[in-house]
Amino acid sequence: MIDLNMPEKVETMQNNMKNLARSMFRPISRKYDEAEHEYPKELDFFRNLPIMNKPKKKDPAKTAAPKKPAGEDGGAKLGANLGLIFSTEALCWGDAALLLSLPNAGLGNAALLAVGTDEQIERFGKKWIAMAITEPQSGSDSGSISTTAVLEGDEWVLNGEKIFVTCAERSDAVVVWATVDKAAGKAGVKSFLVEKGTPGFKLEKLEHKLGIRASDTGTFLLNNCRIPKNNILGSAEVKQGTEGFKGVMKTFDNTRPLVAAMANGIASAAIDFLKEQLEKTGAKLDYKKNVHNLDSVEKAYYRMEAELEAMRLLTWRAAWMADNQLSNNLEASMSKAKAGRMATLITQEVCDICGPVGYSRKYLAEKWMRDSKIMDIFEGTGQIQHLIVARNVLKLNSSELR
Ligand SMILES: Cc1cc2nc3c(=O)[nH]c(=O)nc-3n(C[C@H](O)[C@H](O)[C@H](O)COP(=O)(O)OP(=O)(O)OC[C@H]3O[C@@H](n4cnc5c(N)ncnc54)[C@H](O)[C@@H]3O)c2cc1C
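As the structure is a prediction and not an experimental result, all values here were calculated from the model.

(A) Highlighting the overall build of the chain. From N to C terminus, the chain includes 15 helices and 8 strands. Along the first, second and third principal axes, the C-alpha set of the chain runs to 75 × 50 × 45 Å. Looking at the chain residue by residue over its 402 residues, the buried ones come to 47%. Considering only contacts within the chain whose residues lie at least 6 apart along the sequence, 75% involve residues at least 24 apart. Summed over all atoms, the accessible surface of the chain reaches about 20000 Å², with 55% contributed by carbon and sulfur. Each charge class in the chain can be summarised by its mean position, and for the 55 positive and 51 negative side chains these summaries are 0 Å apart.

As structure tokens, then:
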């Protein structure tokens, strides 16, 4: 039987995160939206948290053990993925751009922990690592990247351009995707750990953005950038077929539900704000009221609440599946497609209903409307998520349905 009650420890953790978001993120939310690119120094508090700077080495026993599906050996579990989803939503209720600015929590850190060797985790584990996939001619179709990596003796030599990299300036290192064999297509795409300060690796510029302005986004140029041979993540071998690339893309099955949780956090902030504004005008939400007697604002409010519930359930399912070693490619994309899109619609409608209060920079509603848009763009746009859902449902591969 499905039990949708939150376990007590999860509820406590969620409340703690919400309190942190309220006391730490909200008070500086507007400040760093306006001071675009400036690092929020208040976040240094997180640098000292053990979870941020002491990544665990892999347990060989666990790595070697065959993965058990949910239900066996003690049944379904509520694990790290779901825990992270709840914290992410709560913190993004405070400010999504500040969450993206948390030290040592870049997308590259997730990739290092997912596929890095113990030696790489030892060398890079305490660093803040960004992830550079996108190029001027390659975004959604990440298998078509043209940055190259050529092995020369004990070094890889990287050349190319990477754009729209989150945490570009603040990070200490970047996971750069490059092809070791362009003719091999997706099979030739590999990822490499590149440290800041390496000759030939240059931060070219930072972007001025619509939303998540506290998060720094930039362009890198790689010009004969030489890195040690053992900075490749995973195997250098180019295997025929797309299995290797699928493995790299698997990181997204864990991170897309996280983006969905970010969207849920922003949407819930906007809905809470609307409720406060309605209560200020003396309106009282009465869930027992007959549906035929609801006014248009009440109707809109209840519909948004229901949408948020659907966004959350899809997100939780995707993360729960990851925790239980179930393949969640379909569910991860469903959660991001739904939450990314709905967050933009909800924040916009809240601004509509609130009128000048929604539009004014005195309040955060207009900021949430700007911040939410990125949730439907990065880590795969909404259209790309729909494509992945369609491929899963129709049982077609990426060359059969593009
Ligand atoms: C603030 C910000 C932060 C970012 N951070 C990072 C980062 O840290 N690292 C990184 O590597 N990238 C990052 N990106 C890049 C982001 O992941 C890409 O913008 C995104 O993947 C889309 O790629 P694109 O911009 O090249 O659009 P394109 O791929 O050119 O797509 C343009 C439009 O066409 C649609 N489209 C494309 N292909 C199809 C298709 N087959 N079917 C239907 N529609 C399609 C897309 O949905 C989109 O609407 C960031 C972007 C932004 C704005």
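(B) The arrangement of the packing of aromatic side chains in detail. This structure, assessed with the given rule, holds 11 aromatic pairs. A centroid spacing of 5.1 Å and a plane angle of 65° characterise the contact between tryptophan 156 and phenylalanine 192, whose relative ring orientation is edge-to-face. Of this pair, tryptophan 156 sits in strand S3 (residues 155–166) while phenylalanine 192 sits in strand S5 (residues 189–195), and the two are 36 residues apart along the sequence. With relative accessibility at 0%, the residue phenylalanine 192 sits in the buried group. An aromatic cluster of at least three residues, connected via ring pairs, comprises Phe25, Phe45 and Phe46.

(C) Structural detail: the pattern of salt bridges. Counting across every chain of the model gives 24 salt bridges. Between aspartate 95 and lysine 367 there is a salt bridge, and its shortest N-O distance comes to 2.9 Å. Here the residue aspartate 95 occupies a position in the loop between helix H5 (80–94) and helix H6 (96–100), and lysine 367 occupies one in helix H14 (residues 365–372), the gap between them amounting to 272 residues. The buried category is assigned to lysine 367, whose relative accessible area is 2%. For lysine 289, the salt bridge is made with glutamate 298, and the minimal N-O distance between the two is 3.0 Å. Taking relative accessible area as the criterion, lysine 289 reaches 32% and is therefore assigned partly exposed.

(D) Examining the nonpolar core more closely. Of all hydrophobic cores here, the largest spans 51 residues; its most connected members are Phe25 and Met375. Examining the composition of this core, we find that 12 residues originate from one element, helix H10 (residues 251–280), more than from any other. When residues of this core are assigned to domains, at least three map to each of domain 1 (8–112) and domain 3 (246–394). With near-sequence residues (within four places) excluded, phenylalanine 25 lies in contact with Leu20, Leu43, Phe46, Leu91, Gly94, Asp95, Leu98, Leu99 and Leu102. Listed in part, the 20 residues of the second largest apolar core include Trp128, Ala130, Trp156 and Cys167.

(E) How the structure looks around the state of the cysteines. On inspection of all chains with the given rule, the structure shows 0 disulfides. Cysteine 92 takes part in no disulfide bond, and the closest cysteine sulfur to it belongs to cysteine 167, at a distance of 13 Å. Under the relative-accessibility criterion, cysteine 92 is labelled buried at 1%. Cysteine 351 takes part in no disulfide bond, and the closest cysteine sulfur to it belongs to cysteine 354, at a distance of 6.9 Å.

(F) Representation of the site of the ligand within the structure. If you check the shell around the ligand, you find 21 residues, and the closest are Ile133, Thr134, Ser140, Phe164 and Thr381. At 2.9 Å, a backbone N or O of phenylalanine 164 approaches a nitrogen atom of the ligand. Contact between the ligand and threonine 166: a nitrogen atom at 2.7 Å from a side-chain N or O atom of the residue. Protein coverage of the free-state accessible area of the ligand, which is 980 Å², stands at 65%. Looking at the shell around the ligand residue by residue, the class counts come to 11 nonpolar, 7 polar and 3 charged. Inspection of the shell around the ligand shows a minimum of three residues originating in each of domain 2 (128–240) and domain 3 (246–394).

(G) Examining the domain arrangement of the chain more closely. What the domain assignment lists for the chain is domain 1 (8–112), domain 2 (128–240) and domain 3 (246–394). The gap between the C-alpha centroids of domain 2 and domain 3 is 31 Å. Contacts between the two partners involve 9 residues from domain 2 and, on the opposite side, 10 residues from domain 3. With both chains or domains summed, domain 2 and domain 3 bury close to 800 Å², and 74% of this area falls on carbon and sulfur atoms. Looking at the side of domain 2 facing domain 3, the largest losses of area belong to Trp177, Leu210 and Ile212, adding up to 53% of the total buried there. At the boundary of domain 2 and domain 3, one finds 0 salt bridges. Run the count over domain 2 and domain 3 and you get 2 residue pairs in polar contact (both at pLDDT 80 or more).

(H) Looking closely at the pairing of strand S2 (residues 148–152). With 5 bridges connecting them, S2 and S3 associate as antiparallel partners. Counterpart to threonine 148 in the pairing with S3 is asparagine 159. Connecting S2 to the antiparallel partner S3 that follows it, the hairpin turn spans 2 residues, and glycine 153 within it adopts a positive phi of roughly 60°.

(I) How the structure looks around a nonpolar patch on the surface. Where nonpolar side chains cluster on the molecular surface, the patch consists of Val393, Leu394 and Leu396 and spans about 270 Å² of accessible area. Of note, leucine 394 is situated in helix H15 (residues 382–394). Relative accessible area serves as the criterion here: at 53%, leucine 394 is assigned to the exposed category.

Definitions and limits used
Residues numbered from 1 in each chain as written. Predicted model: local features only at pLDDT ≥ 70, side-chain atom pairs only at ≥ 80, totals over all residues. Heavy atoms only, no water. Helix = DSSP H or I, 4+ residues; strand = E, 2+ residues; numbered from the N terminus. Buried < 20%, exposed > 50% of the residue type's maximum accessible area, 1.4 Å probe, protein only. Contact = heavy atoms within 4.5 Å. Areas by Shrake-Rupley, 256 points an atom, 1.4 Å probe, with all protein chains shown as cover. Lys, Arg positive; Asp, Glu negative; His and termini not counted. Charge placed at Lys NZ, Arg CZ, Asp CG, Glu CD. Phe/Tyr/Trp six-rings, centres within 6.5 Å; stacked < 30°, edge-to-face > 60°. Salt bridge = Lys/Arg side-chain N within 4 Å of Asp/Glu carboxyl O. Core = buried A, V, L, I, M, F, W, Y, C linked by side-chain atoms within 4.5 Å. Domains from an automatic or database assignment. Disulfide = S-S within 2.5 Å. Near = heavy atom within 4 Å. Polar contact = N/O pair within 3.5 Å; in protein donor to acceptor, adjacent residues only side chain to side chain. Nonpolar A, V, L, I, M, F, W, Y, C, P; charged D, E, K, R; others polar. Buried area = accessible area lost by both parts, 1.4 Å probe. Pairing = 2+ DSSP bridges. Patch = residues over 30% accessible without salt bridge, like charges linked within 9 Å, V, L, I, M, F, W, Y side chains within 5 Å.

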